[in-house]
Amino acid sequence: MQALASGKIDYARVGDTPPVSALASGTKLTYIAEGGTKASGSGVLVKKGSGINSISDLKGKTIAYTVGTSSQYMVLKTLKLAGLKTSDVKLENMDSAAAAVAFAKGKVDAWAIWDPYVAKAELTESAKLLVNGKENKAVNKQLLQKEYKS
């Protein structure tokens, strides 16, 4: 979104939340197309054997996410599904790369993220999806957009 807004690129394929955040902050965008959802590959990851087996087990735990992205929406929808509030957990705003490292090193208990990060963590970090976008109805659609210049 930053590269698009700064004019470094003309088109971007992104999830559904970043353009909404960008529009809310005054960035002028034109939506060109919409793709399929990635609901099955987006969700909240935890480590196998962590003792976190249900959403309610997240109470008191630290969850990594990235503000202004679908992962923030994923966290909010997941907590709501379990009747939890943001004050019931510790939320850590991190970019995807930092969150991947924090999750791998056990610095966070859970990570709200999308594919391909989900698949990689499942393969290399003994991770499992606690809940996915289909289960909590946090559907992430892919959008193709362009900065609007008047």
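Since the model is a prediction, treat every value here as computed from it, not as a measurement.

Draft legend 1. Region of interest: the pattern of salt bridges. Across all of its chains, the model carries 2 salt bridges by this definition. A salt bridge links E125 to K47; its shortest N-O distance comes to 3.6 Å. Residue E125 is located in the loop between helix 5 (117-124) and strand 7 (127-132), and its partner K47 is located in strand 3 (residues 43-47); the two are separated by 78 residues in the primary sequence. Taking relative accessible area as the criterion, E125 reaches 24% and is therefore assigned partly exposed.

Draft legend 2. View of the sheet that holds strand 7. Spatially, 5-4-6-3-7 is the arrangement adopted by the 5 strands of the open sheet, whose pairing is mixed. Edge positions in the sheet fall to strand 5 (90-93) and strand 7, since each of these pairs with one other strand and no more. In this sheet, neighbouring strand axes are inclined to one another by 30° on average, regardless of whether the strands run parallel or antiparallel. Sheet topology places strand 3 next to strand 7; 5 bridges connect them, and they run antiparallel. Note on strand 7: the bridge partner recorded for G43 is N132. Along the sheet face, helix 4 (residues 96-104) touches strand 3, strand 4 (62-65), strand 6 (110-113) and strand 7 and points at about 150° away from the line of strand 6.

Draft legend 3. Fine view of the nonpolar core. Core analysis: the largest hydrophobic core is formed by 16 residues, its most contacted members being L58 and I63. Secondary structure elements with two or more residues in this core: strand 3, strand 4, helix 3 (70-81), strand 6 and strand 7. No other element matches the 3 residues that helix 3 contributes to this core. In this structure L58 touches V46, I52, I63, T78, L84, D88, V89, A110 and L130, once residues within four positions along its chain are discounted.

Draft legend 4. Layout of the side chain of S71. As for its placement among the helices and strands, S71 is situated in helix 3. Here the side chain of S71 touches T69 through a polar contact of 2.8 Å, side chain to side chain.

Draft legend 5. Geometry of the confidence of the model for the chain. Predicted confidence across the chain gives a mean pLDDT of 82, with 79% of residues reaching 70 or more. Scored below 50 in pLDDT, residues 141-150 shows 58 contacts in the model against residues more than four places distant or in partner chains.

About the cut-offs
Residue numbering note: each chain is counted from 1, following its sequence as written. Only residues with pLDDT of at least 70 get local features here, since the model is predicted, and only at 80 or more are side-chain atom pairs given and counted; chain-wide, interface and lining totals rely on the full set of residues. Processing note: side-chain calculations cover all non-hydrogen atoms of the structure and skip hydrogens and water entirely. One speaks of a salt bridge when a side-chain nitrogen belonging to Lys or Arg is within 4 Å of a carboxyl oxygen belonging to Asp or Glu. Helix and strand assignments follow DSSP, with helices taken as H or I runs no shorter than four residues and strands as E runs no shorter than two, numbered in order from the N terminus. Here's how the labels work: a residue is buried when its accessible area is under 20% of the maximum for its type, exposed when over 50%, partly exposed in between, all with a 1.4 Å probe on protein chains only. At least two bridges found by DSSP between two strands are what make those strands a pair. Between the N-to-C directions of two axes lies an angle of 0 to 180 degrees, each axis being a line fitted to C-alpha atoms and, for a helix, fitted only over the stretch in contact. Residues are treated as being in contact if the distance between any of their heavy atoms lies within 4.5 Å. We define a nonpolar core as any set of buried Ala, Val, Leu, Ile, Met, Phe, Trp, Tyr and Cys residues linked to one another through side-chain atoms lying within 4.5 Å. Think of a polar contact as two N or O atoms within 3.5 Å of one another; within protein, one of them needs to be a possible hydrogen donor and the other a possible acceptor, and neighboring residues in sequence only count if both atoms come from side chains. pLDDT: the predictor's confidence for each residue, scored from 0 to 100.

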